[in-house]
Amino acid sequence: MSTIVSPDLTANCAGIITPNPFWLASAPPTNSGDQIMRAFDAGWGGAVWKTLGQPIQNVSSRFGGLHYRGTRGIGFNNIELITDRPVETNLREIAEVKRRYPKHGVIVSLMVESRDEWQDLIKRSIDAGADGLELNFGCPHGMCERGMGSAVGQEPKLNETITSWAAEFSTIPVLVKLTPNVDNIVPHGLAAQRGGADGVSLINTIKSVIGIDIDNFVPLPKVDGRSTNGGYCGPAVKPIALHMVSSLGRAPEFNLPISGIGGISNWRDAVEFILLGSSSVQVCTEVMLRGYRVVEDMIEGLTEYMRRQGFANLGEMVGRAVPNLSEWGDLDLNHETVAKINPTSCIGCQACVVACHDGAHQCIHPAEDKSVRVPVVDESECVGCNLCEIVCPVPGCITMEEVDNGFAPASWNQHAEEGLTLRPKKGVHT
Amino acid sequence: MSKLPATRSETVFVDAKPGYSPVQALTEANRCLYCADAPCVQACPTGIDIPEFIRKIATDNLRGSARTIFDANIFGMSCARVCPVEVLCVGKCVYNEMDVPPIQIGKLQRYATDAAFERGDRFFEAGPDSGKKVALLGGGPASLAAAHELRRKGHACTIFEQAELLGGLSTTGVAPYKMKADRALEEVEWVLGIGGVEVRTGVQIGVDISVEELLRDFDAVFVGLGLGADRLLHLPGGDLAGIRGAVDWIAEIKTDKAALGGVRRAVVIGGGNTAIDTVRELRGLGIPEVSLAYRGAEAQMSGYVHEWSWAKVEGVRGVFGAQPLAYIGEGGAVTGVRFARLDAERQPIAGEELTLEADLVLLAIGQGRLGELLGETEGITLERGRLIVDDAGRTGNPKIFAGGDCANGGKEVVNAVDEGKRAAIAIDLAFGQALCGGEAT
């Protein structure tokens, strides 16, 4: 009987080796040893301990959810701070977890102020058995008002300085957790690199106001009739996170490993982060909403994907999509696609008609024969924008088909610099 | 592979619950709330992790979804079709608590398991050879599920089946609008695909091989013999042509072309699920007048309410408080059944009789018990022909285990699968304990 060889899911992110790339992000699900041990039992490969520092006092309430058309929690925000538990308690539990789960990764997130405090906490974390450290330069609420968290992450010089302290004091890998609350992530990744970090993790949460109680004029989440900005996360932030991860993945001068974070809810999301250069992925919101058990499907789905693609190990897939990202100016303007509607699967909702008329280039029209509900695409005007395919409720009904227009490839840069010919524009309606 | 004639009667039926398209499955899967300690799982005799397999449909991890199902229930494909989900998982979906349509768990399970069958996925391999041998009596879902589980643990298995076809009632008893016999046989092959299960058909226990021989030649015996022949009523006219047992008749329409020419009126006697299946099948085969006659009141029927409601929609007439007194015949063939009218206490009402005309009378009043085959064996206790077992399928004889209809008295496929699997675990445990004992001495 043939035995199928299973792909190797072992992850190595900045020298932190875990049985699989699925780590819990530093957050409420990693608040205690008991929780993390249950998570490891469920299958998580690593966990970034809820940030250690001077224990804080939290508010109530702390979380807000974004619900959209009946789906709860597509976005999520929080105004919770770092750990509220004594450092000694956390360190004792870290040691216990490592004793019981030596093969799993325990990464300790840290946030303190002075050089001495960093030195002290780093030493004690290493003594407790941590496999790696994560410097929390990302938290965008509360802690930043006290000069920590994103206040550090937004200031490359500060980032570099504190990172260099950690690099100096640490004998284990140091990850710097970056904040997305910046206009360009690359200088911040480079600051961590200059400071001597072994890797970066991103993104932390995005500054946000999750919603308003419109009857009482109070933003959410409410704390005795008031609120504050919180950190936004969950599935809705994934595109922003993917962009920031890929920005670092593409930057030629940046060469640190990346632990990808931001809205990862299932195996497919994880694959996307890995293909853009993440060698581990961190998850929080999906676990907060549905529990540690979601990792089963993540591991199984990733394994199955790797088997389908023929990847023997994670290293073969990390960053595989990065070369296919480029500047807009290098995209081929002569590449032409048009929408095709499959008349047999079309259900006649005409969502594409209204979307094209009002939101695109007015090239999908109702059929002349009013008894026919399948719309007609005017291919001479279709710009191939994709909007119809996005609104169509029937998978595979609208496809974007390539047109051979006889024009040789030409990007804007090639046109501007070398005078290459561009095809005539469509959908301009002059 | 099918030994079944293409012209068999059941082929005229279409699926009562057709399979989902991908869009339908995704839409339904995304509605699932992914409950923790979910009531649907608690309601499943085999304890399938339903929220997990549904989540995997939603994330497009279809192979993983099927693995989750089959890991708990190797008959997950047929159970998806034949389980009375309305009174099991779907009936317990928390959406019912807020008057929102419950998740169609059976249809989602069918979607995931059908996809696995179409792809030819295999999930389980036999364990390393343990050197132990188990005899499994009967070739239905209980024995097959037990054999599969035993093979995963490396024990050699031999199934003894009296009939030529395996699958038991899954093959010959399931209503054809739920699943047809060829699909059941395909599933049997798929389950046996784990390898290492010897199958001996046409073997009658107690005739071709004795229980003593089995106990001598095997390390353990699992009894999954199911139920015996249909019970018949010993009434005047009982030897007229056109009177037969319902289970026997269903097996015929499942595996052969039943002779229904000339049948215009059929009466089915009984109030259980077999009776309801039978009347629906008769209507489906085009019999114009079909009646179900039951001793008790409509509300006292043991068959599922949702199934009986469908039967009525399909034009079946229900006759309640009716006790058969005699068959009426002409020229050696039945022409009707004479009934006494019963009151609410099921006592005959003096002078009130009723006659239903019928060219075909099918009796769905239960089946005989096969437990007697083992009645003389040491440690075996019978209760009205039913083998007494504990929760793990153990009888009083340390080498004999049992499950399925012969032990539970007649339940669903999903119960047989669960009991077979649990007995296999108990057998494995018993082997382990025997081994440990051996090492200690």
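Residues numbered from 1 in each chain as written. Chains lettered and ligands numbered in written order. Predicted model: local features only at pLDDT ≥ 70, side-chain atom pairs only at ≥ 80, totals over all residues. Heavy atoms only, no water.

1. Observations regarding the nonpolar core
Nonpolar side chains in soluble globular proteins tend to end up buried together.
Now for step 1: Ranked by size, the top nonpolar core spans 84 residues in total, and within it W44, W118, V200, L202, L248, L302 and M317 of chain A carry the most contacts.
Now for step 2: For this core, the element with the most residues is helix 8 (residues 267–275) of chain A, which contributes 6 residues.
Now for step 3: The residues touching V200 of chain A, leaving out its near neighbours within four places in the chain, are L175, V176, L178, A192, L248, F254, L256, P257, I258 and S259 of chain A.
Now for step 4: I57, F117, A424 and I427 of chain B belong to the second-largest nonpolar core, a separate cluster that totals 71 residues. (Core = buried A, V, L, I, M, F, W, Y, C linked by side-chain atoms within 4.5 Å. Buried < 20%, exposed > 50% of the residue type's maximum accessible area, 1.4 Å probe, protein only. Helix = DSSP H or I, 4+ residues; strand = E, 2+ residues; numbered from the N terminus. Contact = heavy atoms within 4.5 Å.)

2. Some remarks on the environment of D256 of chain B
All names here are of chain B.
Now for step 1: Tracing the sequence through the fold places D256 in the loop between helix 12 (246–255) and strand 7 (265–269).
Now for step 2: On the basis of relative accessibility, which here comes to 39%, the residue D256 falls in the partly exposed class.
Now for step 3: In this structure D256 touches P5, R8 and S9, once residues within four positions along its chain are discounted.

3. Quick notes on the packing of helix 7 (residues 105–119) of chain B against helix 10 (residues 181–192) of chain B
All names here are of chain B.
Now for step 1: Axis separation between helix 7 and helix 10 bottoms out at 12 Å; the angle between their running directions is 70 degrees. As the angle between them shows, helix 7 and helix 10 are arranged roughly perpendicular. Considering how the two elements wind past one another, helix 7 and helix 10 form a crossing that is left-handed. Across the interface between the two elements, D114, F117 and E118 from helix 7 touch R183, E186, E187 and W190 from helix 10.
Now for step 2: Here the contact of helix 7 with helix 10 is built from residues that sort into 2 nonpolar, no polar and 5 charged. (Axes fitted to C-alpha atoms, helices over the stretch in contact; angles between N-to-C directions. Parallel < 35°, antiparallel > 145°, perpendicular 65-115°, else oblique. Left-handed = near helix turned anticlockwise from the far one by under 90°. Nonpolar A, V, L, I, M, F, W, Y, C, P; charged D, E, K, R; others polar.)

4. With respect to the interface of chain A and chain B
Many descriptions give the size of an interface as the accessible area lost when the pieces come together.
Now for step 1: Between chain A and chain B, the contact holds 19 residues from the first and 16 residues from the second.
Now for step 2: Summed over both sides, the interface of chain A with chain B buries roughly 1400 Å², with 42% coming from carbon and sulfur.
Now for step 3: Counting every contact that joins chain A to chain B gives 7 salt bridges.
Now for step 4: For R55 of chain B, the salt bridge is made with E286 of chain A, and the minimal N-O distance between the two is 2.8 Å. (Buried area = accessible area lost by both parts, 1.4 Å probe. Salt bridge = Lys/Arg side-chain N within 4 Å of Asp/Glu carboxyl O.)

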